[in-house]
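As a plain string of letters, each chain reads:
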Amino acid sequence: KGLAVEENPLDQIPQKKDGCCLPPVVDIMYEDEYMAVVNKPSDMLSVPGRNLDYSVYTEMKKRYPNSTGPLLVHRLDMSTSGIILVAKDNDTHGKIQKQFIDRSIKKRYTALLEGEYDLQTK
C-alpha cells in the first residue's frame, strides 16, 4: 500500500476553489518582430513537464506558430514568477543567450516575505 501522500502539484493546473479550471495566464509585457518579454506567473511551468503540457513554452508556440528555434531564452522554476525572454527566431535566440553567457544582462531576484524577523536572533 505505501504511505498516503498528497498529489504532486507539478502534475496539476491550479484550480479555483469551486473546482473550475483556471490556468495561469502569460502576460505579454513587450513585443517586437524579434522577441517578446512575458511575465510568467507562479504555479506555471516554463517548459512542458513530464505529466503537464501547459507551460509558457506551449503558450508561446501557439502564439508564434511560425517561429524558429527554441523560443525561450531561459527558464524560471514553477513556483517562481518573473520575466522570461522569448526569441522568435534562431538568430535572436543566439544573440540574447550570448548576453546571458557574457553576463551583460543584469538579473535581479526579489523575495516577498510574510511575518516578522527578529534581528536579535542568531
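Here, every reference points to the structure presented above.
Please read all numbers here as calculations on a predicted model, not as lab measurements.

Caption draft 1: Main features of the pairing of strand 3 (residues 82-87). Within strand 3, 5 of the 6 residues are buried, leaving the element largely enclosed by the surrounding structure. Summarising the sheet, strand 2 (residues 35-40) and strand 3 pair through 6 bridges and their orientation is antiparallel. Looking across to strand 3, one finds that V38 is bridged to I84.

Caption draft 2: Representation of the environment of K95. As for its placement among the helices and strands, K95 is situated in helix 2 (residues 90-101). Its relative accessible area of 52% is what places K95 among the exposed residues. Taking C-alpha positions, K95 is 9.8 Å from V73, a pair spaced 22 residues apart along the chain.

Caption draft 3: How the structure looks around the layout of surface pockets. Here the largest pocket is characterised by a volume of approximately 580 Å³. Together, 19 residues line the largest pocket, and L76, G82, I83, R108 and Y109 are the ones closest to its centre. Looking at the lining of the largest pocket, the element that brings in the most residues is strand 3, giving 3 residues. Taken together, the residues of the lining of the largest pocket break down into 7 nonpolar, 8 polar and 4 charged.

Parameters and conventions
- Residues numbered from 1 in each chain as written.
- Predicted model: local features only at pLDDT ≥ 70, side-chain atom pairs only at ≥ 80, totals over all residues.
- Heavy atoms only, no water.
- Buried < 20%, exposed > 50% of the residue type's maximum accessible area, 1.4 Å probe, protein only.
- Helix = DSSP H or I, 4+ residues; strand = E, 2+ residues; numbered from the N terminus.
- Pairing = 2+ DSSP bridges.
- 1 Å grid on protein atoms, 1.4 Å probe; cavity = no way out; pocket = protein on both sides within 12 Å on 5 of 7 lines; lining within 4 Å.
- Points joined across faces, edges and corners; volume = space filled by probe spheres on them.
- Nonpolar A, V, L, I, M, F, W, Y, C, P; charged D, E, K, R; others polar.

Remember, this is a structural readout, not a statement about activity or role.
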